[in-house]
Every structure is written in structure tokens, then in C-alpha cells.
Amino acid sequence: GQAELKALLEVKLQDDPTAKRLEAWETSYYAEKLRKAKFAFDEEEVAKYFPVDKVVSGTMRVYEKLFGVKFSEVPAEGAHHPDVRLLRVDDAAGGGTLGSFYLDLYPREGKYTHAAVAGLIKGRELENGQYQRPVALMMANFPAAVPGKPALMRHEDAVTYMHEFGHGLHQIFTKAKYASFSGTSVARDFVETPSQMLENFAWQREVLDEISGHYEDASRKLPPELFARMLAARSFNKGLQYLRQIAFGMADMTLHMIVPKETSMLFGQFMELVGLIPSPDGVKREASFGHLMAGYSAGYYGYLWSEVLADDAFTRFAREGVLNSVVGMLWRREVLEKGSSRPEIDSMRAYLGREPNEDAFIQKLLK
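Residues numbered from 1 in each chain as written. Predicted model: local features only at pLDDT ≥ 70, side-chain atom pairs only at ≥ 80, totals over all residues. Heavy atoms only, no water.

**Student:** What am I meant to see in the packing of aromatic side chains here?
**Tutor:** For any two aromatic rings, the description comes down to two numbers: the centre-to-centre distance and the angle of the planes. Within this structure, the stated rule accounts for 23 aromatic pairs. With a centroid separation of 5.0 Å and an interplanar angle of 75°, the aromatic rings of F201 and F317 are classed as edge-to-face. Taken together, the residues F201 in the loop between helix 6 (193-199) and helix 7 (205-211) and F317 in helix 11 (residues 302-320) connect sequence positions 116 residues apart. Look at F248 and Y300: their rings are 6.0 Å apart centre to centre, the planes differ by 85°, and that puts the pair in the edge-to-face class. Linking F248 in helix 9 (residues 238-257) with Y300 in the loop between helix 10 (263-273) and helix 11, this pair joins segments that are 52 residues apart in sequence. A relative accessible area of 8% places Y300 in the buried class. The rings of Y63, F67, F71, F101, F142, Y161, F165 and F173 are connected pair by pair, giving a single aromatic cluster. Directly above the aromatic system of Y296 lies the positively charged group of R188, at a separation of 4.1 Å from the ring centroid. (Phe/Tyr/Trp six-rings, centres within 6.5 Å; stacked < 30°, edge-to-face > 60°. Helix = DSSP H or I, 4+ residues; strand = E, 2+ residues; numbered from the N terminus. Buried < 20%, exposed > 50% of the residue type's maximum accessible area, 1.4 Å probe, protein only. Lys NZ or Arg CZ within 6 Å of the ring centre and 35° of its normal.)

Have a look at this one:
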């Protein structure tokens, strides 16, 4: 992180030779400037290969192969907006309909601005012995097509889409007896693991060939040289990014353990000493950290810990085949179907065949 901060400061010195440090409000500006200079690619150029409809249909094909299901679009009667689409999810082996998944992908006035998945109906066993089919909803704000401009995603948007779709599958594949244990109703420091694991697929060539295609000619896939530059840039500024996550996690835990007289000073100390980027004077930065009061209750560290587990989980696909349906069905059966009906660490052991470890996460940082 210190090395990355030094590199950013050197870029700032080109604009201001008297600069002594990097300020919080300019970090992203200089990071983007340095990223373009080092890796020579433009996100807008990449986006030409990720039309929204191509990413949506390609992601369904990938998940059909991995998890033994069939997606069918059906009329979204009674949906809350005309743009909303409805997918029926059937078991490909003849197990019937598993559930339904609404897609609300485009921005509009007054809509929730973050990307998220909500469980509208939780899977659970009913008193008559039948299983209540779950229904999930993805809310997102991807670009919509307008006259003269196609709907295109940046690659990071495609990663987000595959991630959020993973939350939906977690809801739909559940077989837990009780709603309180089904789907994404798992430990807070595990809930992101299934979706973060799927983010890795958006960086695999065979998956990119499914979800990409130039908006003017779908047969033109993401060029190898452009993909190589994207891969080289994948770990750019990861030190600072992970230090920021650790700073948030530590501040979150501390503020739930003690009640300081001055919360801004304490929060700022974590951001500067751990995150390396000082907070501006007079700014109550913790007031913009919504996770403090959004149900995480000292559990924000779970985002990073979930990623450690997710990277470990992906090692089986990396070793045995990215689109290996045997591994995919094992993940579905041992992790997604179980929810929190057994300890999540036991589900990881059952899937991996060993104790989980952080080796894959550390190796990712060193690339």
C-alpha cells in the first residue's frame, strides 16, 4: 500500500511539485490517471464488447452449464415496472421448477441506486410437506439503450452482474427446511462468499467468450491483447483497496465496542494509520459509512473474509475446469442448497474436501 501511495503521489507531483501528500478527494483521480498510463486501455473501449443483453444471456448460459438448471423468460405479470423481466428457474435433471428471479436492471427516477438482490419469498418446507419455491429480485442500474447509443457495460459492471446473479441463485437453490436458514440467510461473514466466488468467472477466457461480443458484431469477442491488459491491471492498487477495507472493518468493530466522545477523530485515525489516506479536516467521514447501521453490527470485516473463502472455493474450478459441471453441482449441493442449515465452515469442508485456507487469496495479491 505504501508503494502504491508513493506512485500516486509521484503522479500528483507532475501537477503540483510542492505536494506533500495525497488527499482523500483526489485519490481516485490520480489512480485512474496512473492506471491508464501503465496499462494503456480505456474502460469505454472494453465496454463495446459487453452489451447488456449479451452479458445477461451469456451469464445464464454459463450458470446453466455449471449448476444444472434451465432459465426461461416468462411474462412478468404484475411486476412493479414495465422494464422488469422474470426468469423461471427449472432443474435441468427433471426436478421441476426451483424458483423465480426478477431482473430490474435499469435506472429510473426514485429507484434504489445500489446493486443488490432481495429475497421476496424465502424457500422453506410447508406444513403439508411441500417446498415453498423462492422468489428473488435483482436491483441494478446498468446503462439502458437510448437512441443512437447502445446499452453497454464496463467489465466491472459485468463482474457486478455475475456477482448479484449469484445472490439470486443462493436464494433459489436452497433446500433448507426453515426460512431463517435458507438462501442468503447465512452467517454475515459468509453471505458474500458464493457471489464473490462467481466474480472469478468473469476473468476467465472461456466465460468471457460467452458473455462478450462487440455491440456492432457479436461474433467479435474481446480481443486477446485487450484482455491481457485487463488482466495486468486487475491487481492495480489492490494494496490500498484492501487496507481501506481493513480500516473500515476495524473502525466498525471499534465503534461497536466503545462510544468515543469524538467518533470522527477515531474513524479518521483508522483511515489514516491503516488505510494510509487521511480524512479531510472537519469531515465526518463515518456518517457516509452506511454499513455501520445497516445490520452488519461489527461484521463489516465479513466482506473481506468472505473473499478469502471465495478465492479458496474457486481453486477447485481453476484446477478441475472453469466450466466443470461436476464441481458446479458439488458447490450447489454442499453450499448453496444448505444455506445455514449446518455450519457454513462445514459446508466449505464438504465442498473442498479439506480445511479452508487463505493461500489462494494471498497468491492473488502477489500477482
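**Student:** Where do I start with the sheet that holds strand 7 (residues 135-139) in this structure?
**Tutor:** Pairing between the strands of a sheet comes from backbone hydrogen bonds, and it takes one of two forms, parallel or antiparallel. Taken in spatial order, the five strands line up as 1-2-3-7-4 in an open sheet, and their pairing is mixed. Looking at strand neighbours, the two that pair on one side only are strand 1 (69-74) and strand 4 (116-121), the edges of this open sheet. Here the average twist between neighbouring strands, direction ignored, is 25°. As judged from the five bridges shared by strand 3 (residues 97-104) and strand 7, these two strands associate in the parallel manner. Bridge assignment links S100 to a residue of strand 7, and that residue is V135. Helix-sheet contacts for helix 5 (residues 155-172) involve strand 1, strand 2 (85-91), strand 3, strand 4 and strand 7, and the interaxial angle to strand 3 is about 145°. (Pairing = 2+ DSSP bridges. Axes fitted to C-alpha atoms, helices over the stretch in contact; angles between N-to-C directions. Contact = heavy atoms within 4.5 Å.)

**Student:** Honestly, a nonpolar patch on the surface in this entry has me stumped. Any pointers?
**Tutor:** Nonpolar side chains collect at one region of the surface, where M253, M257, I258, Y301 and W305 lie side by side and expose about 500 Å² of accessible area between them. In this fold, M253 is placed in helix 9. For M253, a relative accessible area of 34% translates into the label partly exposed. (Patch = residues over 30% accessible without salt bridge, like charges linked within 9 Å, V, L, I, M, F, W, Y side chains within 5 Å. Areas by Shrake-Rupley, 256 points an atom, 1.4 Å probe, with all protein chains shown as cover. Salt bridge = Lys/Arg side-chain N within 4 Å of Asp/Glu carboxyl O.)

**Student:** Sorry if this is basic, but what is going on with the side chain of E192 here?
**Tutor:** Following the sequence through the fold, E192 ends up in the loop between helix 5 and helix 6. For the buried E192, no salt bridge is present, and the opposite-charge side chain at shortest range is R188, 6.2 Å distant. Here H163 takes part through its side chain, which lies 3.1 Å from a polar atom of the side chain of E192. Residues in contact with E192, not counting those within four places in the same chain, are H163, H167, Y296, Y303 and S306. (Lys, Arg positive; Asp, Glu negative; His and termini not counted. Polar contact = N/O pair within 3.5 Å; in protein donor to acceptor, adjacent residues only side chain to side chain.)

**Student:** What exactly am I supposed to notice about unusual backbone geometry here?
**Tutor:** If a residue is not glycine, its phi is most likely negative; likewise, a peptide bond is most likely trans. Residues other than glycine seldom take positive phi values, yet N237 does so here, at roughly 60°. Relative to the assigned elements, N237 resides in the loop between helix 8 (224-233) and helix 9. In this model, S297 sits at a positive phi of 45°, which is unusual for a non-glycine residue. Among the structural elements, S297 can be located in the loop between helix 10 and helix 11.

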